[in-house]
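# Topology and contacts: notes
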Amino acid sequence: MPGPLEHVKIADFSWFVAGPFCVRYLADYGAQVVKVETGRRVDGVRTLPPYKDNVPGLNRSGYFHNFNSNKLGITLNLDHPKGREVARKLIQWADVVAESFNPGVMEGFDLDYPSLTKIKPEIIMISLSSRGQTGPHSRLPAVGMHLAALSGFINITGWPDRGPSLLYGAYTDSIAGRFGACSLLAALECKRRTGKGQYIDLSQYEAGIQFMVPALLEYSAHGRSMARRGNRHPSAAPHGVFRCQGEERWCAIAVFTDEEWKTLCRVMGDPQLAIDPRFDNATARKRNEDELDRVVEQWTVKFPPQELMYMLQEAGVSAGVVETAEDLHSDPQLKARKHFRVLDHQEIGGSTYDSFGSVMSGTPADLNRAAPVLGQDNYYVYTEMLGLSDTEFVELMNEGVFD
């Protein structure tokens, strides 16, 4: 079945996570995407583990694969004057141009939005920079860890008696990519109605702050800054992850009401614990939470995490296994929804990819093409799509235009 965006053409100059993640959403729904790189300075995600079979290589990064599936891949040296000429041919082909460099980089190549509109007035361009194109800090470089700190996430992550903890991965990139995809769809719909393109200036920093709304409201309404609580909750107890049978095996448990606490005590085989004055109401449980957690963990450690989770869920107590990567790949729910797909990659063979989790009944997304090896589609894109002759292609290649 053709994807709903099969007529949309995207020149993807973006790198690392936010931009490629944004564009992959549209690629999964049928958009034709050409990812532009240069062998002189590859997309940095190509250099990040995990690598297939733990063998490093520019074409072996699982991160790169997951963010760049369903895309054609080319190399183009924008430092070369003829490289910029070829880039302008790609712009003429495209409906959308995406980039995620620091402000000023595309301008230096004469590929900023004002320059693109001279090539194609109706072009849509999205820039996913760290802090937007304007403002006193806009040109300061940053990556996801910096932005997670600036957005406030790291300040509220960790234990109350220790310093802030880093989040795993470039958290704000994941948020910004989704915001960017929605923005692009809105711009495409506007273009469908009016025939006009536009420029989208997305700040990863500001997109990330949207996920801090509870903390922002707390400060706005009460003047209180959210503090680090580890795994604890302001009113629920027990609330945390509890050790289970096996090495580094855990289960999350959350009890919000006295009735849920009574149910947990019954499942634990100790109904008298529910009327123990240390724990018989929420206030008492919060006051004695350290001791409460020890009591609960003395019980949870006797069970494998899956068994414990199902036992508690069946009784009506919220619980969930802290899953490892191995657990996720064998999770029956994810298997039933075909979340993980295996695609055949040119260098590493079969490789696992994530779907994005939403399934549209009439126009489903599809994962049908593994991420490209560096420069994989040069000949096809430059000759078949952009119309260069074989002679022109070879000449430009020999001049270093495709380095």
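In the block above lies the structure referred to throughout.
The sections below set out a description of the structure shown in this document. (Residues numbered from 1 in each chain as written. Predicted model: local features only at pLDDT ≥ 70, side-chain atom pairs only at ≥ 80, totals over all residues. Heavy atoms only, no water.)

### Comments concerning the packing of helix H10 (residues 258-267) against helix H13 (residues 305-315)
- At a minimum axis distance of 10 Å, the contact between H10 and H13 shows a crossing angle of 130 degrees. One way to sum up the angle between H10 and H13 is to call them oblique. Read as a crossing pair, H10 and H13 show a hand that is right-handed. On the side of H10, the interface is formed by Thr263, Leu264 and Val267, while H13 contributes Met311, Leu312 and Ala315.
- Split into classes, the residues belonging to the contact of H10 with H13 amount to five nonpolar, one polar and no charged. (Axes fitted to C-alpha atoms, helices over the stretch in contact; angles between N-to-C directions. Helix = DSSP H or I, 4+ residues; strand = E, 2+ residues; numbered from the N terminus. Parallel < 35°, antiparallel > 145°, perpendicular 65-115°, else oblique. Left-handed = near helix turned anticlockwise from the far one by under 90°. Contact = heavy atoms within 4.5 Å. Nonpolar A, V, L, I, M, F, W, Y, C, P; charged D, E, K, R; others polar.)

### Considerations on the sheet that holds strand E6 (residues 199-203)
- Strand order in the open sheet made by the six strands is E3-E2-E1-E4-E5-E6, with parallel pairing throughout. Looking at the sheet topology across the chains shown, the edges are occupied by strand E3 (72-75) and E6. For this sheet, the mean angle separating the axes of adjacent strands, direction not counted, is 20 degrees.
- As paired elements, strand E2 (residues 32-37) and E3 share four bridges and run parallel to each other. Bridge pairing in E3 places Glu37 opposite Thr75.
- Sheet contacts for helix H16 (residues 378-385): E2 and E3; angle to E3, the most-contacted strand, approximately 90 degrees. (Pairing = 2+ DSSP bridges.)

### As for the sheet that holds strand E9 (residues 318-321)
- If you walk across this open sheet you meet the three strands as E7-E8-E9, and the pairing is antiparallel. Each edge of the open sheet is held by one strand with a lone partner, namely strand E7 (239-243) and E9. Strand-to-strand, the axes of this sheet are offset by a mean angle of 25 degrees, without reference to chain direction.
- As paired elements, strand E8 (residues 250-254) and E9 share four bridges and run antiparallel to each other.

### Points about the pairing of strand E4 (residues 96-99)
- Across the two faces of E4 the burial is the same, with Val96 and Ala98 and Val97 and Glu99 all buried.
- Strand direction decides the pairing type here: strand E1 (residues 9-12) and E4, joined by three bridges, are parallel. Along E4, the bridge assignment pairs Asp12 with Ala98.
- Across four bridges, the pairing between E4 and strand E5 (residues 124-129) is parallel. Within the sheet, the bridge partner assigned to Val97 lies in E5 and is Met125. (Buried < 20%, exposed > 50% of the residue type's maximum accessible area, 1.4 Å probe, protein only.)

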